[in-house]
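# Summary of the model geometry
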Amino acid sequence: MGVVNVTPDSFSDGGRWFEASTAVKHGLDLVAEGADLVDVGGESTRPGAARVDEDEELRRVVPVVRDLAAEGVLVSVDTMRSSVAARAVDAGAVLVNDVSGGLADPAMVPAVAACGVPFVVMHWRGFSHDMNSRAVYGDVVGEVVAELGARVEAVVTAGIPPERLVIDPGLGFAKRAEHDLALVAGLGEVCALGRPVLVAGSRKRFLGHVLTDVNGTPPPAHGRDAATAALSAIAAYQGAWAVRVHDVRATADAVRVARAVTPSG
Ligand code: PMM
């Protein structure tokens, strides 16, 4: 899954694809580099980010989804708003990726149930503006698995069939670097929930933390793509269904290597 952030302020690529035509071109480039899906989002969720208003999110997302879908690209829409999800599906999106797992907007789960598309349920403890204060765990893998499992049950009860759900441990969301790394190591336990697993660690802070130089300075976000490819291989090897990344080429190769060495059965 390649990322197209149609935002002025995403932490790793903010502003680069803010014009619709540039965003569409970027999505097509990601497909040419090996992406099977392109995730289009119009709201930054970086730690501390304020929310974008609904009209602006629609203005950013819908034309890009429409133009990419018209080119035959499989598009997912990254949104916490039911209105944006519904309009994006009308414009051709085939999957709704909600980092709040339907918690931010009570109309989201019924809207996705009505649209009939798959839904990504991510582990989420609250909006970005203060999520770092919620990064408190005793056993991070156990707690994330339990909270995700409960969320899946709630979403199924609210009308989306289990076979249409994808789950995501939510790397970087209400998590510190050590939590993210423990979740990557424990990905098998997330996979054991029995739904396809999406892993989205591309360029995130925990990779910067791993790569700090002798002065303790992390590389900038765009200097974390080799680390992202390594993460993609680890996730694929452990059974992830998809990895969401900004730099597709390196990850596509990494995933192919992981597949080639994954024991069959
Ligand atoms: N992270 C970001 C945005 N969307 N979607 C899912 N399912 N999982 C994530 O972890 C996730 C996401 C934030 O990253 P970005 O600013 O690099 O897009």
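Let us look at the structure shown here. A quick note: this is a predicted structure, and the numbers were derived from the prediction, not measured.

### As for the pattern of salt bridges
- Overall, the coordinates contain 13 salt bridges when judged by the stated rule.
- For the salt bridge of E33 with R249, the shortest nitrogen-to-oxygen distance reads 3.7 Å. Placement of the pair is E33 in the loop between helix 1 (20–32) and strand 2 (38–41) and R249 in helix 10 (residues 248–261), with a sequence separation of 216 residues.
- R60 is paired through a salt bridge with E56; the nearest N and O atoms lie 2.9 Å apart. A residue pair is termed a helical-turn pair when its members lie 3 or 4 positions apart in one helix, as R60 and E56 do in helix 2 (residues 54–70) at 4 residues.
- Under the relative-accessibility criterion, E56 is labelled partly exposed at 21%.
- Residues joined by salt bridges that share partners form a network here, namely D39, D78 and R244.

### Points about unusual backbone geometry
- Although it is not a glycine, A174 sits at a positive phi angle of roughly 55°.
- Take A174: it is sitting in the loop between strand 6 (165–168) and helix 6 (177–185).
- Not every positive phi belongs to a glycine, and R203 is a case in point at roughly 60°.
- Along the polypeptide, R203 turns up in the loop between strand 7 (198–199) and helix 8 (205–210).
- Looking at R203, the relative accessible area reads 8%, which means it is buried.

### Focus: the sheet that holds strand 4 (residues 95–98)
- In spatial order, the strands read 1-2-3-4-5-6; together these 6 strands make up an open sheet with parallel pairing. Across the chains shown, the open sheet's two edge strands, defined by having one partner strand only, are strand 1 (2–5) and strand 6. Going across the sheet, the axis of each strand differs from the next one's by a mean of 25°, ignoring polarity.
- As judged from the 4 bridges shared by strand 2 and strand 3 (residues 75–78), these two strands associate in the parallel manner.

Cut-offs and rules
Positions within a chain are numbered from 1, following the residues in the order the chain's sequence is written. In view of the model being predicted, local features appear only for residues whose pLDDT reaches at least 70, and side-chain atom pairs are presented and counted only at 80 or more, with totals across whole chains, interfaces and linings using the full set of residues. Excluding hydrogens and water, the side-chain values take into account all heavy atoms of the structure. Any Lys or Arg side-chain nitrogen found within 4 Å of a carboxyl oxygen on Asp or Glu counts as a salt bridge. Note on conventions: DSSP H or I runs of at least 4 residues are helices, E runs of at least 2 residues are strands, and numbering of each starts at the N terminus. Only protein chains enter the accessibility calculation, which uses a 1.4 Å probe; a residue is then buried when its area is under 20% of its type maximum, exposed when over 50%, and partly exposed in between. We treat two strands as partners when DSSP finds at least two bridges between them. Angles here are taken between N-to-C directions and fall from 0 to 180 degrees, while the axes themselves are lines fitted to C-alpha atoms, restricted in helices to the stretch in contact.

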